[in-house]
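Chain by chain, the residues run as shown.
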Amino acid sequence: MSNPPLKFVRVHKHDGISWVYLNRPEKRNAMSPALHVEMDRTLEELEVDTDTKVVVIAGEGGNFSAGQDLKEFFRGLEDKPAESKRMQEIANRWRWERLYNYDKPTIAMIEGYCVGGAFMQLLATDFAISAEDATFSLSEVNWGILPGALVAKVVADAVLYRHALYYGCLGDAFDGKEAARVGFVNRAVPPAKLEADVTELAHKLMAKSPAVLRATKQAIRQVRTMDFGQATDYLAAKNAAIRLNDPEQSYKTGIHQFIDKKSYKPVYQPFPLGSMITDQSKK
Ligand code: ACO
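Residues numbered from 1 in each chain as written. Predicted model: local features only at pLDDT ≥ 70, side-chain atom pairs only at ≥ 80, totals over all residues. Heavy atoms only, no water.

Undergrad: Which parts of the structure should I look at to understand the overall build of the protein chain?
TA: A count of helices and strands for the protein chain gives 11 helices and 9 strands. Taken over C-alpha atoms, the radius of gyration comes to 20 Å for the protein chain, in line with the 19 Å a tight globule of 283 residues would show. Projected onto the principal axes, the alpha-carbon positions of the protein chain cover approximately 70 × 50 × 40 Å. A total of 283 residues make up the protein chain; the buried ones form 46% of that total. Taking the intrachain contacts of the protein chain between residues at least 6 apart in sequence as the baseline, contacts between residues at least 24 apart amount to 71%. Only carbon and sulfur atoms are counted for the fraction: they give 55% of the accessible area of the protein chain, which is about 15400 Å². If you average the places of the 37 positive and of the 36 negative side-chain charges in the protein chain, the two averages end up 4 Å apart. (Helix = DSSP H or I, 4+ residues; strand = E, 2+ residues; numbered from the N terminus. Rg over C-alpha atoms; globule rule 2.2 N^0.38 Å. Buried < 20%, exposed > 50% of the residue type's maximum accessible area, 1.4 Å probe, protein only. Contact = heavy atoms within 4.5 Å. Areas by Shrake-Rupley, 256 points an atom, 1.4 Å probe, with all protein chains shown as cover. Lys, Arg positive; Asp, Glu negative; His and termini not counted. Charge placed at Lys NZ, Arg CZ, Asp CG, Glu CD.)

Here it is in structure tokens:
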């Protein structure tokens, strides 16, 4: 049975990039239960979609997301414990487990409002680029709950302790430049350049060996909670694992292209994809 058409999510595929828009612009892309179900399904599908090399998470109509829908996600589920639990699981799954462990590179593109629970997908993605004039807020303290779901945890992990306490406890709105300064996003750019900047980053990522890029992002995430002994062992095993399942044969190809062919400089660019060595070309 095929899935029903998407209503609260819009996907635009172009040139290897899948642009995934939360699509409730009239509600500033506040996240309702139905939207969570569609996002979970969409990300599951795109992870194995061969046309999708990079996923961008964005919001329709000029806003990233005003966080959880207070009416539909909170009040609407108050007297429905089973449904509430199911929805929390789905909401957390796409905003954290799926995105945090995603096989493909992910970028959050922030404009307009990015509030409360939207910090989950903001911080689960690999990269985030914001418009300078975007508005961020951990608003929960202003209306009566802790930062939503895992937000307190992911914020505390992402930025300096003092910034986490300050913005978590004050709820003050701040702009994209401040978000870049404290480390919620990689950089803030003029609004007119936002999409082009995200596209350029996506193309840079697509030019790299997918197997090496995937292992690199997984490794950087996993070692954060390991001690040195565990990290040494894990990273050695991870490096060896890349060579077992890498259509580009990146290690051999990269060295061959630099040492023998002198075709590129690793400091300035990746080796060209599709240039893996064969027995004929080895010499
Ligand atoms: N939940 C439910 N509805 C929302 C939400 C939300 N989080 N955010 C906006 N809306 C709705 C409004 O109720 C309004 O609906 P209506 O047209 O039916 O009245 C519509 O979206 C537009 O919102 P306005 O407030 O009219 O838009 P404005 O541009 O003036 O303000 C702003 C936008 C600042 C984002 C404001 O809506 C706001 O403060 N929203 C609450 C954001 C918030 O605190 N989110 C955190 C939720 S907690 C969590 O995520 C864990």
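Undergrad: I keep staring at the sheet that holds strand E9 (residues 187-189) and nothing clicks. Help me out?
TA: Read from one edge of the open sheet, 6 strands run E1-E2-E3-E4-E6-E9, paired in mixed fashion. Edge strands, defined here as strands with exactly one partner in the open sheet, are strand E1 (9-14) and E9. Strand-to-strand, the axes of this sheet are offset by a mean angle of 20°, without reference to chain direction. Judged from the 6 bridges that link them, E1 and strand E2 (residues 17-22) form a sheet pairing that is antiparallel. (Pairing = 2+ DSSP bridges. Axes fitted to C-alpha atoms, helices over the stretch in contact; angles between N-to-C directions.)

Undergrad: Looking at this structure, I do not really get a nonpolar patch on the surface. What am I missing?
TA: A contiguous nonpolar surface patch, about 380 Å² in accessible area, is contributed by Tyr251, Ile255, Phe258 and Ile259. Take Ile255: it is sitting in helix H11 (residues 250-260). Classification of Ile255 by relative accessible area gives partly exposed; the value is 40%. (Patch = residues over 30% accessible without salt bridge, like charges linked within 9 Å, V, L, I, M, F, W, Y side chains within 5 Å. Salt bridge = Lys/Arg side-chain N within 4 Å of Asp/Glu carboxyl O.)

Undergrad: Where do I start with the pairing of E2 in this structure?
TA: For a regular strand, side chains alternate in direction, first toward one face of the sheet and then toward the other. For E2, the tally of buried residues reaches 6 of 6 residues, placing the bulk of the element in the interior. Of the two faces of E2, both are covered, the one formed by Ile17, Trp19 and Tyr21 as well as the one formed by Ser18, Val20 and Leu22. Between E1 and E2, which follow one another and run antiparallel, lie 2 residues, and Asp15 among them has a positive phi close to 55°. With 6 bridges joining them, E2 and strand E3 (residues 54-59) adopt parallel strand pairing. Paired with Val20 across the bridge in E3 is Ile57. On the question of chirality, the crossover connecting E2 to the parallel E3 by way of helix H1 (residues 33-47) is right-handed. (Right-handed = clockwise from strand over helix to strand, strands pointing away.)

Undergrad: Please clarify how the site of the ligand should be interpreted in this entry.
TA: Around the ligand sit 17 residues, and of these Lys27, Ala66, Gln68, Gly117 and Ser139 come closest. At a separation of 2.7 Å, an oxygen atom of the ligand approaches a polar backbone atom of Gln68. Residue Ser139 places a side-chain N or O atom 2.6 Å away from an oxygen atom belonging to the ligand. For the ligand, whose accessible area on its own is 920 Å², the fraction buried by protein is 60%. The residue makeup of the shell around the ligand, split by class, is 6 nonpolar, 6 polar and 5 charged. (Near = heavy atom within 4 Å. Polar contact = N/O pair within 3.5 Å; in protein donor to acceptor, adjacent residues only side chain to side chain. Nonpolar A, V, L, I, M, F, W, Y, C, P; charged D, E, K, R; others polar.)

Undergrad: Honestly, unusual backbone geometry in this entry has me stumped. Any pointers?
TA: With glycine set apart, most residues show a phi of negative sign, and most peptide bonds adopt trans. Of note in the backbone geometry, Asn29 takes a positive phi value of approximately 60° without being a glycine. Residue position: Asn29 is located in the loop between E2 and H1.

Undergrad: Would you take a moment to explain the pairing of strand E4 (residues 106-110) for this structure?
TA: Most of E4 sits inside the fold, with 5 of its 5 residues counted as buried. Taking every second residue as pointing to the same face, both faces of E4 are buried, with Thr106, Ala108 and Ile110 on one and Ile107 and Met109 on the other. Here E4 runs beside strand E6 (residues 127-131); their pairing, made up of 4 bridges, is parallel. Note that in E6 the partner of Ile110 across the bridge is Ser130.

Undergrad: Looking at this structure, I do not really get the packing of aromatic side chains. What am I missing?
TA: Describing an aromatic ring pair means giving the distance of the ring centres and the angle of the ring planes. If you walk through the whole model with that rule in mind, you get 10 aromatic pairs. Relative to Phe136, the ring of Phe119 has its centre 6.2 Å away and its plane inclined at 75°; by these criteria the two rings are edge-to-face. Here Phe119 is found in helix H4 (residues 118-124), whereas its partner Phe136 is found in strand E7 (residues 135-137), with 17 residues between them in sequence. A connected cluster of aromatic rings, assembled from ring pairs, spans Phe119, Phe136, Tyr166, Tyr167, Phe174 and Phe184. A cation sits over an aromatic face here: Arg10 above Tyr21, 4.4 Å from the ring centre. Lying over the aromatic face of Tyr251, Arg243 brings its terminal NZ or CZ to 3.8 Å of the ring centre. (Phe/Tyr/Trp six-rings, centres within 6.5 Å; stacked < 30°, edge-to-face > 60°. Lys NZ or Arg CZ within 6 Å of the ring centre and 35° of its normal.)

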